[in-house]
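Structural overview for review
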Amino acid sequence: MAFLNLSLRNNNGLGSCVKQIVGVADMKVSNNIKESIITYSLGSCIGLVIYDPVVKVGGILHYMLPESSIDKDKAAARPYMFADSGIPRLFKTAYKLGAVKQRMIIYAAGGAEILDQKGFFNIGKRNYMALKKMFFKNNVMINKQDVGGNKNRTVRIEIASGDIYVKTSGAKEVKI
Amino acid sequence: MTTIQKLIKEIENLKPIPAIANQVLAVVDNPDSSMEDIANVIQYDPAITANILRTCNSVYFGLKNPAESIKTAVNMLGIDQVVELVLLKSGTKALSGGSKGYGLEEGDMWRYSVSSAVIAKQLAVKFNLENKNTIFTSALIKDIGKIVLQTHVFDSYHKIQDLVDNKKYSFREAEKKVIGIDHAELGAMIAKMWKFSPKMVNIIRHHHLSDESMIKDREIAVVYLADCICMMMGNGVGLDGLSYRFKAQVVEELGLSADDIVMIIAEFGMNMKQVEELLHMV
């Protein structure tokens, strides 16, 4: 806890740290070391965080659903809504800022589920499986994750340090 | 004083939802009412009228000539939009605060409520249900019970969370077990004391389908499903998280497939901007 307090003090000390907010079905990538990127309230959605420590490029994608094939028009209008149309865009945007796939640190949070969902409502699990499938095909490993369960989560990354924080409602933010 | 008596005392101290909401609902979901009837009800409430006109004349709507009466506002924006604004504005004060007991920051409950209301109306349109505005308003205020119950949830948090984490209780079931009443029952008591229609009281009472036989009521089924979807989307969800039960009968009852559910969520994804705009407007 002492460590957490210390890190919070450091954040406050930065003063000029700008929070970039990633909405639902949205994505942000940054190489600005004065910024942190945050996405709030992941339920069954997944917050995918990537970071290349060498060039200090990081990003978060907040997607809602696994596959865009359900509605191509919606996927064209809101590509970040789906795993299969959002994830490639997240990586490609980071590559444009000099990030390299092999150096990328990857964190996934969310994919929570309602109780007794019996297959109809297992969107959280399907969102996570879509991520795993895509990463397996492309030889990408998740470094850490906080996925599943019944809690909703807020995730934040600091671009300067690559430190990632997760918070569940009613609890304090913790560094992972 | 028993817990229930204490809770009733607390309800009396709540900021009530203005009577205008009830009056508007009474005319708007009546197929025999005209636009003029609805405008008449609204314009007798000067505070809401001023508020609606201010919103209608905001940059958001981009009207060429400012609306100077509810009737012109209705003509310019359409009755649905004006009614929705009245209902939203009625709920703002009661629902916009935070709630420590449920781990909600200021504005969280309001964001969740507006999202639920938008999804519920989307579903009501999909299933061609009458009483769309009653459904919208019920979804909007269904968690009003949390505002009163939250101090009790805060005091008993560890007991409640223990039942959820270790004894397979849903959060609502744990509230009922530990406090003796859950937020849906309490919400219905509040709605009754505020003289909302028996239909709305019933929807609020059953919005978690604690009594599964209520699933036959399509208005309840729709508000329930909207709540489940909203919970999954996480927008404004508190420490109770997704710890509520999904009753699969609801999809059978409404004739939905797993793909339909995904489509409804995708549709809501497209409407997220509308929710954000409503939140900024009201």
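Quick summary incoming for the structure in this document. Along each chain, residue indices are assigned from 1 in the same order as the chain's sequence is written. Starting at A for chains and at 1 for ligands, labels are handed out in the order in which the entities are written. With pLDDT at 70 or above as the cut-off, local features in this predicted model cover only qualifying residues; side-chain atom pairs require 80 or more to be listed or tallied, and sums for whole chains, interfaces and linings still use all residues.

1. Some details on the overall build of chain B
The following threshold applies: By definition, any uninterrupted DSSP run of H or I lasting at least four residues is a helix, any uninterrupted run of E lasting at least two residues is a strand, and each is numbered from the N terminus. This radius of gyration counts C-alpha atoms alone. The globule rule is 2.2 Å times how many residues there are, raised to the power 0.38. Exposure classification rests on a simple neighbour count of other C-beta atoms within 10 Å of a residue's own: a residue reaching 20 or more is buried, one at 12 or fewer is exposed, and one in between is partly exposed. C-beta atoms are placed from the backbone. Here contacts are defined at the residue level, using C-beta atoms placed from the backbone and a cut-off of 7 Å between them.
Of regular secondary structure, chain B possesses 16 helices and zero strands. Computed over C-alpha atoms, the radius of gyration of chain B comes to 19 Å, within 12% of the 19 Å expected from 2.2 N^0.38 for 282 residues, which places it in the range of a compact globule. The principal-axis extents of the C-alpha atoms in chain B amount to approximately 60 × 45 × 35 Å. Taken across its 282 residues, chain B has 51% of its residues classed as buried. In chain B, the share of contacts with a sequence separation of at least 24, taken over all contacts with a separation of at least 6, comes to 67%.

2. Points about the overall build of chain A
When helices and strands are counted, chain A shows four helices and 10 strands. Taken against the 2.2 N^0.38 rule, which gives 16 Å for 176 residues, the C-alpha radius of gyration of chain A at 16 Å falls within 12% of a compact globule. In terms of overall dimensions, chain A has C-alpha extents of about 45 × 35 × 30 Å along its principal axes. Residues counted as buried form 47% of the 176 residues belonging to chain A. If you take every contact in chain A between residues at least 6 apart in sequence, the share linking residues at least 24 apart comes to 64%.

3. Concerning the interface of chain B and chain A
Our working definition: Only Asp, Glu, Lys and Arg are considered charged, only Ala, Val, Leu, Ile, Met, Phe, Trp, Tyr, Cys and Pro nonpolar, and every remaining residue, Gly among them, polar.
Taken together, the contact between chain B and chain A spans 30 residues of the former and 31 residues of the latter. Where the side of chain B that touches chain A is concerned, the elements lending two or more residues are α14 (218-233) and α16 (258-281) of chain B. Across the side of chain B that touches chain A, the residue classes break down as 19 nonpolar, nine polar and two charged.

4. Side note on the sheet that holds strand β3 (residues 35-42) of chain A
Residue and element names in this part refer to chain A. Convention followed: Note: two strands are recorded as paired if DSSP finds a minimum of 2 bridges between them.
Taken in spatial order, the five strands make up an open sheet running β1-β3-β8-β9-β10, and their pairing is mixed. Across the chains shown, the open sheet's two edge strands, defined by having one partner strand only, are β1 (18-22) and β10 (174-175). Two elements, strand β9 (residues 164-168) and β10, share two bridges in a ladder whose sense is antiparallel. Pairing of Y165 across the sheet is with K175, part of β10.

5. Let's talk about the sheet that holds strand β7 (residues 144-147) of chain A
Residue and element names in this part refer to chain A. The test is simple: Angular values range over 0 to 180 degrees, each being the angle between N-to-C directions of two axes fitted as lines to C-alpha atoms, with helices fitted over their stretch in contact.
Reading across the sheet, the five strands line up as β2-β5-β4-β6-β7 and stay open at both edges, with mixed pairing between neighbours. Edge positions in the open sheet fall to β2 (26-30) and β7, since each of these has one partner strand only. Between one strand axis and the next, the sheet turns through 10° on average, direction left out of account. Inspection of the sheet shows strand β4 (residues 46-52) paired to strand β6 (residues 105-110) by six bridges, in the antiparallel sense. Bridging across to β6, G47 finds its partner in A109.

6. Brief notes about the pairing of β4(A)
Residues and elements named next belong to chain A. Where burial is concerned, most of β4 is hidden: seven out of the seven residues are buried. Neither face of β4 is open: one carries I46, L48, I50 and D52, the other G47, V49 and Y51, and all of them are buried. Both β4 and strand β5 (residues 57-63) contribute to a ladder of seven bridges, which runs antiparallel. Each residue of the ladder has a partner; that of Y51, found in β5, is G58. Counted along the chain from β4 to the antiparallel partner β5, the turn is four residues long, and its residue K56 has a positive phi close to 55°.

7. Examining helix α3 (residues 35-43) of chain B
Residue and element names in this part refer to chain B. Note the cut-off: The arc in question is traced by the directions running from the helix axis to the C-beta atoms.
Three or more residues of α3 are buried, namely I38, A39, V41 and I42. Within α3, the buried residues cover an arc of 160° as seen down the axis, which keeps them to one side. In this structure, the buried residues of α3 make contact with α2 (20-28), α4 (46-56), α5 (70-77) and α6 (79-95).

8. Focus on the environment of B:V83
All names here are of chain B. Take V83: it is sitting in helix α6. Spatially, the C-alpha atoms of V83 and V24 are 7.6 Å apart, while their sequence positions differ by 59 residues. In contact with V83, not counting residues within four places along its chain, are V24, V28, I38 and N133.

9. Side note on the packing of α2(B) against α6(B)
How two helices sit against one another is set out by the angle between their axes and by the gap between those axes. Residues and elements named next belong to chain B. As a reminder of what qualifies: These descriptions rest on fixed angle ranges, namely under 35 degrees for roughly parallel, over 145 for roughly antiparallel, 65 to 115 for roughly perpendicular, and the rest for oblique. Handedness of a crossing follows from how the near helix is turned relative to the far one, being left-handed for an anticlockwise turn of less than a right angle and right-handed for a clockwise one.
For the pair α2 and α6, the least separation of the axes is 9 Å and the interaxial angle reads 150°. Of the possible angle classes, the one that applies to α2 and α6 is roughly antiparallel. Seen from above, α2 lies across α6 with left-handed handedness. Along its contact with α2, which presents I20, A21, V24 and V28, the element α6 presents V83, V86, L87 and S90. Its residues assigned to classes, the contact of α2 with α6 shows seven nonpolar, one polar and no charged.

10. Some words on the pairing of strand β8 (residues 153-158) of chain A
Taking burial as the measure, the six residues of β8(A) include five buried ones, the bulk of the element. Counted between consecutive antiparallel strands, the loop separating β8(A) from β9(A) contains five residues, among which A:G162 sits at a positive phi close to 75°.

11. What about the environment of B:A266?
Here B:A266 shows up in helix α16. Excluding its chain neighbours within four sequence positions, the residues that come into contact with B:A266 are A:L65, A:I70, A:D71, A:K74 and A:M81.

12. Topic: the environment of A:G110
All names here are of chain A. Looking at the element boundaries, G110 is found in strand β6. You can call G110 buried: it has 32 C-beta atoms within 10 Å. Between the C-alpha atoms of G110 and R153, which are 43 residues apart in sequence, the distance is 6.2 Å. Look past the residues within four positions of G110 in its chain and what remains in contact with it is L42, C45, I46, G47, V147 and R153.

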